[in-house]
Amino acid sequence: MPSISSILSANIEGIIDDYTTHAGVLSKLAPTLREHLEETKKILPFPQGSLDGKSLVAIDGGRLKEDMAGGDLMVIGATAGEGHSSQPTYNEETIPAEAYAVVLPHRVANEKLAGGIMSAFELRMLELATADVQIIDGAYVNNVSQVLFLLLDNDDETIDAFFKAIDYDKDELLRTSMRKVMYPPRDYSRTLIALPKSDTARIYSQELIHDDYAQHVISDRILASRMLLPGEMFLPRNIASNNVLITRLEKGNFRTYNGEHKALYKDMFSMMLEYFRRMNHENTEEGILWTTYFKPNVGTPQSKAMKIEFPYYPVAGKEHGGVVEHAQKLISMVDADMIDGFVIEPWCQYMADVRAKDVSAAKEIIKNYLISTTEDSYDLAGLLRNYRT
């Protein structure tokens, strides 16, 4: 009988041909594309990294769900990390964190529930943070969207479990934090940005790569990584919102929640509907959420480009030099916290991620305690063997 590796080894040349075909597209187009981007001023410089005495904090969360014989153990947390050279807002003893652990009956919805709780914790951490520049985990609207989809697509039992986990008595803190993300200060006194590491966008590449090469899937990050040199950025562009999502919100095309927290539920929906409508402007001068790619100064030509997403209000922003200058200032502050050209995140984001991974140690502590205190042999066997039943 053939093995998996022997079957694939027999077809290795075809796999290599596929890779070479797709990877070679940019090699062929690179000189022409670079020249075009320079001529059309879509590649711009940004200043050498500087924080100008400002404070920089990143928020990150972690979650683990372990299927056990008897229920799903979920351990969820959120915490923060500070820039290595930014103005401090915490000391090592006061880095904030939120955490929650629970065992629930096996349900498919538990994975979304854990994600929604983590997103809510991260949003509350943003509300409590006092740094001048705050980095949201993932895409800019990721946490808001996670909470939204949890509420849209799940039953009363799951939504009630969500409200219980986030502590309903603190619901105003969650609403305030959601407003902070969706409607940040127009005077830029406190700036929220996102540096998503997972990115499959193809807006820039579809605009530039067409004709005979249009069938090749080239993401914007790959394009930017090939086109940009250290200290350069793409011309920022507006991010439009999801029309399908807006339609669902407007038509009420989702489950009806009949639990005890209807007021909070409806308030969240009204906020999010207004926000996603405002994002959906064809005229980029009216857009409120922008994005671009840049390559840190500490990098090399082979380093990966980074993506930044940020809110920008054109009317209030005129005195700040327009969206290009605003993006350059934000990128410069992130650039100041970069320590390695091959690590596509600033120090504060790296440290927040390290601290968020503490959920793994917490889960092991909880599970070991369960094992040490379980006397029934059947239940103990289920914990030790970890067979979901």
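Predicted, not measured: the structure shown is a model, and the values here were computed from it. The numbering scheme is per chain: residues are counted from 1 as the chain's sequence reads. In keeping with the model being predicted, local features are shown solely for residues with a pLDDT of at least 70 and side-chain atom pairs are shown and tallied solely at 80 or more, while totals for entire chains, interfaces and linings include all residues. The side-chain numbers reported here are obtained from all heavy atoms of the structure, hydrogens and water having been left aside.

Draft legend 1. Focus on the packing of aromatic side chains. Here a Phe, Tyr or Trp ring, Trp counted by its six-membered ring, pairs with any other such ring whose centre lies within 6.5 Å, and the pair is stacked when the planes are under 30 degrees apart, edge-to-face when over 60, and tilted otherwise. Within the structure shown, the criterion is met by six aromatic pairs. Both rings, one in Y204 and one in Y293, keep their centres 5.8 Å apart while their planes meet at 80°; by these two values the pair is edge-to-face. With Y204 in helix α7 (residues 203-208) and Y293 in strand β9 (residues 289-295), this pair connects stretches of sequence that are 89 residues apart. There is no split in this pair, since Y204 and Y293 are both buried. Each ring, one from W290 and one from Y312, has its centre 6.1 Å from the other, and the planes form 85°; the classification is edge-to-face. Highlighted residues: W290 in strand β9 and Y312 in the loop between β10 (306-311) and α11 (314-317), separated in sequence by 22 residues. Accessibility classification places W290 together with Y312 in one group, the buried group. One Lys or Arg, R237, reaches over the ring of Y204 and ends 4.9 Å from the middle of that ring. The secondary structure listing takes helices from DSSP runs of H or I that are at least 4 residues long and strands from runs of E that are at least 2 residues long, numbered from the N terminus. Each residue's exposure class comes from its accessible area (1.4 Å probe, protein chains only) as a fraction of the maximum for that residue type: buried when under 20%, exposed when over 50%, partly exposed otherwise. Note on geometry: a ring has a charge over it if NZ (lysine) or CZ (arginine) is within 6 Å of the ring centre and within 35 degrees of the ring normal.

Draft legend 2. The packing of helix α3 (residues 110-128) against helix α5 (residues 156-165), seen in detail. One way to put it is that α3 packs onto α5 with a least axis distance of 10 Å and a crossing angle of 30°. At the point where α3 passes α5, the crossing takes the right-handed sense. Touching L113, G116, I117, A120 and F121 of α3 are T158, A161, F162 and A165, all from α5. Each residue gets one of three labels, nonpolar for Ala, Val, Leu, Ile, Met, Phe, Trp, Tyr, Cys and Pro, charged for Asp, Glu, Lys and Arg, and polar for the others, Gly among them. When the residues that make up the contact of α3 with α5 are grouped by side-chain class, the tally is seven nonpolar, two polar and no charged. Orientation is described by lines fitted to C-alpha atoms, with helices fitted over the stretch in contact, and by angles between N-to-C directions that extend from 0 to 180 degrees. Note on convention: near helix rotated counterclockwise from far helix by under a right angle means a left-handed crossing. Clockwise means right-handed. Two residues form a contact once any of their heavy atoms are found within 4.5 Å.

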